[in-house]
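Summary of the model geometry
Letter by letter, the chains look like this.
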Amino acid sequence: MSKTRRNEMIIIGSRIFNELGNVSADMAVYTSEGVIVEVAPPSTLQETYPNAKIIDLHGDLLLPGLCDAHIHLEAGGKSLEILNLLGMDNSQIEAAFHRKKVQHREKEGWFRAFNWEPSRAKITRRMLDKYISNRPAIVHQRDLHGLCCNSLALELAGISNLTGDPPGGTIGRNADGSLNGLLYENAIPQLEAVIPLPSVDDRKQYILSAQEKLLSLGLTAISEVLEAGADPIYRELDRTGELKLFVDAWQRVEHWEIGTPPPPNGNRYQLHTLKAFLDGSFGSRTAALNEPYVDDKANSGQLFYNDNELWDMIKQAQDAGWRMALHAIGDRAIEQACRVMNTVPDRASFRHRLEHVEMLPATLVMPLAESGLTASVQPVHLLDDQIWLESCLGTERCRTVLPLRTISNHKIPLAFGSDFPVVDPDPLLNLHTAINRCGFGDKPLQAFAQKECFSPMDALLASTYGYA
């Protein structure tokens, strides 16, 4: 006799991966309320669940709901409405700015653009002033760790030639000491503080627009890095049933009231993770390295905490019931995370995470394995990195970038994400990059360690089970 269930489906005619990586074409899947309940021959399931809707995939591949373990959903929705400079060189960017100047000659408010790639184009304050002088303007680097702004934006933020670099940040200058419009890391908040905040309704629309994009790509669950004030917005969307994705939210540690516990879970929303930045990015030359950058011999990046500060932060978070997600890109930051985490008591049950883990030399593999940290990585970053990273790190260090096979071989928990809107959130592109270390129709570069290619089954596990 069939049990009483809701939203029942039996999926037939599909190829199904099992946990050993084998593909079966003679089995069917029964689901209820979006959860896989049973896998059995089609006739067995139809007899057991006669009220279930039959879906015939006619030989297509059936996958679990794909997940993205590192994303910026609200920022991604906002990015759909502003100028995207991805792939543009200087002449293309100037042409885009000129079009905006002509189209919005009388428009007020802040001008914003994103996905500027410094390896392709040089943008300065003077260039922005040429095209956008009557309103404040910001152009975000693709990695979101640096930006360029025009003179009016700097004036509104109170940043002048006399303003000193804040701790952990850099204000860019020309050779004569004048401002060039570039701001990096902790120099950015002073500018952001004067940007008018969008309304709650606007923020809801950003989230919902980005959600529709992700759902159309096959994503069903994400880890979202919350913007300030976003928690009540997500909870309202969850309460009204507008939130279709499952959202594992993270609060930036600087927004956390020390000692307060995680709030209760919602239906499709939960918040029990704190995010902290241990270093910056390769693009801004602020990722912390053990050896200097090839193209900036005086610079090895920067760590944002000393070991004692990091240990105290992790311990305080644990004591209050929070999990940590630690941003670490360079080898010096990864080394610090492993060194400190290995001394934190009672850490195992929290499933702390290390975000990005981009530069992992062989000497750090065992410390990472022993730390208990989950490696949360974004294979799709390789598509951009392979264009310019060799000039930044040198060939030998490029061989240590995203060593996925090595991480998996050492039984280090692995979860895949995209970092949207920094990169394309298409999970199939992410899977393809992990498996082939290149994009659709491309060939991989030898400097990026082809031995680190992933198997399709392992890539699927990192995009589903690894997230869970």
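All figures in this text were calculated on a predicted structure; none of them were measured in a lab.

**Focus on the overall build of the protein chain**
- Secondary structure summary: the protein chain contains 16 helices and 21 strands in total.
- On C-alpha atoms alone, the protein chain measures out to a radius of gyration of 24 Å, which is about the 23 Å that the 2.2 N^0.38 rule sets for 468 residues.
- By principal-axis analysis of the C-alpha atoms, the protein chain measures approximately 80 × 55 × 50 Å.
- Put simply, the protein chain has 468 residues, and 50% of those count as buried.
- For the protein chain, the exposed area adds up to about 21,200 Å²; of that, 52% sits on carbon and sulfur atoms.
- Considering the protein chain, the positive charge centre built from 45 side chains and the negative charge centre built from 59 side chains are found 3 Å apart.

**Remarks on empty space enclosed by the protein**
- Overall, the coordinates contain one cavity of 30 Å³ or more when judged by the stated rule.
- There is about 60 Å³ of room inside the largest cavity.
- In terms of lining, the largest cavity is formed by C67, D68, L219, F416, G417, S418, D424, P425, D426, P427, N430 and S463.
- Listing elements by their share of the lining of the largest cavity, those giving two or more residues are strand 8 (66-71) and helix 15 (427-436).
- Of the residues in the lining of the largest cavity, the class split is five nonpolar, four polar and three charged.

**Describing the environment of I171**
- Locating I171 in the fold gives a position in strand 13 (residues 169-173).
- Between the C-alpha atom of I171 and that of D346, which follows or precedes it by 175 residues, the distance is 40 Å.
- Each residue touching I171, except ones within four places of it in the same chain, is listed here: I159, T163, G164, D165, P166, L179, L182, L183 and A187.

**Section: unusual backbone geometry**
- F420 connects to P421 through a cis peptide bond whose omega is 10°.
- Position of P421 among the secondary structure elements: in the loop between strand 21 (414-416) and helix 15.
- Of note, the phi angle at R285 is positive, near 60°, even though the residue is not glycine.
- Unlike most non-glycine residues, K411 shows phi in positive territory, near 60°.
- Classification of K411 as exposed rests on a relative accessible area of 72%.

**Remarks on the pattern of salt bridges**
- In the structure shown here, the tally under the stated rule is 15 salt bridges.
- Taking the shortest distance from any N to any O, the salt bridge between R142 and E117 comes out at 3.3 Å. A residue pair is termed long-range when its members are at least 10 positions apart, and R142 in the loop between strand 11 (137-141) and strand 12 (146-149) and E117 in the loop between strand 10 (111-116) and helix 4 (125-131) qualify at 25 residues.
- Ionic pairing is found between E236 and R239, a salt bridge with its closest N-O pair at 2.9 Å. Placement of the pair is E236 and R239 together in helix 8 (residues 231-239), with a separation of three residues, close to one helical turn.

**Details of the packing of helix 9 (residues 307-320) against helix 10 (residues 331-341)**
- At a closest axis distance of 10 Å, the pairing of helix 9 and helix 10 adopts a crossing angle of 60°. One way to sum up the angle between helix 9 and helix 10 is to call them oblique. In this structure, helix 9 crosses over helix 10, and the sense of that crossing is right-handed. Within the contact between the two elements, helix 9 uses D307, L310, W311 and I314 and helix 10 uses Q336, A337, R339, V340 and M341.

**A word on the sheet that holds strand 1 (residues 8-12)**
- Read from one edge to the other, the open sheet built from four strands follows the order 5-4-1-6, with strand pairing classed as mixed. Each having just a single partner strand, strand 5 (35-40) and strand 6 (53-56) make up the two edges of the open sheet. Here the strands of the sheet are splayed against their neighbours by 25° on average, with no regard to which way each runs.
- Relative to strand 5, strand 4 (residues 28-32) runs antiparallel, the two being bridged by five bridges. Looking at strand 5, one finds that T31 is bridged to I36.

**Looking at the layout of surface pockets**
- Considered as a void within the structure, the second largest pocket measures approximately 1,400 Å³ in volume.
- Of all elements in the fold, only strand 1, strand 2 (15-17), strand 4, strand 5, strand 7 (61-62), strand 15 (219-225) and helix 16 (456-462) reach the threshold of two or more residues within the lining of the second largest pocket.
- Among the residues forming the lining of the second largest pocket, the class breakdown is 24 nonpolar, nine polar and four charged.

**Digging into the sheet that holds strand 15**
- Ordered by their spatial adjacency, eight strands build an open sheet running 8-15-16-17-18-19-20-21, and the pairing between neighbours is parallel. Each edge of the sheet is formed by a strand with only one pairing partner; in this case those strands are strand 8 and strand 21. Within this sheet the neighbouring strands show an average axis-to-axis angle of 25°, counted without direction.
- With five bridges joining them, strand 17 (residues 269-277) and strand 18 (residues 323-328) adopt parallel strand pairing. Its bridge partner being in strand 18, L274 is matched across the sheet by M324.
- With respect to the sheet, helix 8 is in contact with strand 15, strand 16 (246-252) and strand 17, its orientation differing from that of strand 17 by roughly 155°.

Calculation rules
Residues numbered from 1 in each chain as written. Predicted model: local features only at pLDDT ≥ 70, side-chain atom pairs only at ≥ 80, totals over all residues. Heavy atoms only, no water. Helix = DSSP H or I, 4+ residues; strand = E, 2+ residues; numbered from the N terminus. Rg over C-alpha atoms; globule rule 2.2 N^0.38 Å. Buried < 20%, exposed > 50% of the residue type's maximum accessible area, 1.4 Å probe, protein only. Areas by Shrake-Rupley, 256 points an atom, 1.4 Å probe, with all protein chains shown as cover. Lys, Arg positive; Asp, Glu negative; His and termini not counted. Charge placed at Lys NZ, Arg CZ, Asp CG, Glu CD. 1 Å grid on protein atoms, 1.4 Å probe; cavity = no way out; pocket = protein on both sides within 12 Å on 5 of 7 lines; lining within 4 Å. Points joined across faces, edges and corners; volume = space filled by probe spheres on them. Nonpolar A, V, L, I, M, F, W, Y, C, P; charged D, E, K, R; others polar. Contact = heavy atoms within 4.5 Å. Salt bridge = Lys/Arg side-chain N within 4 Å of Asp/Glu carboxyl O. Axes fitted to C-alpha atoms, helices over the stretch in contact; angles between N-to-C directions. Parallel < 35°, antiparallel > 145°, perpendicular 65-115°, else oblique. Left-handed = near helix turned anticlockwise from the far one by under 90°. Pairing = 2+ DSSP bridges.

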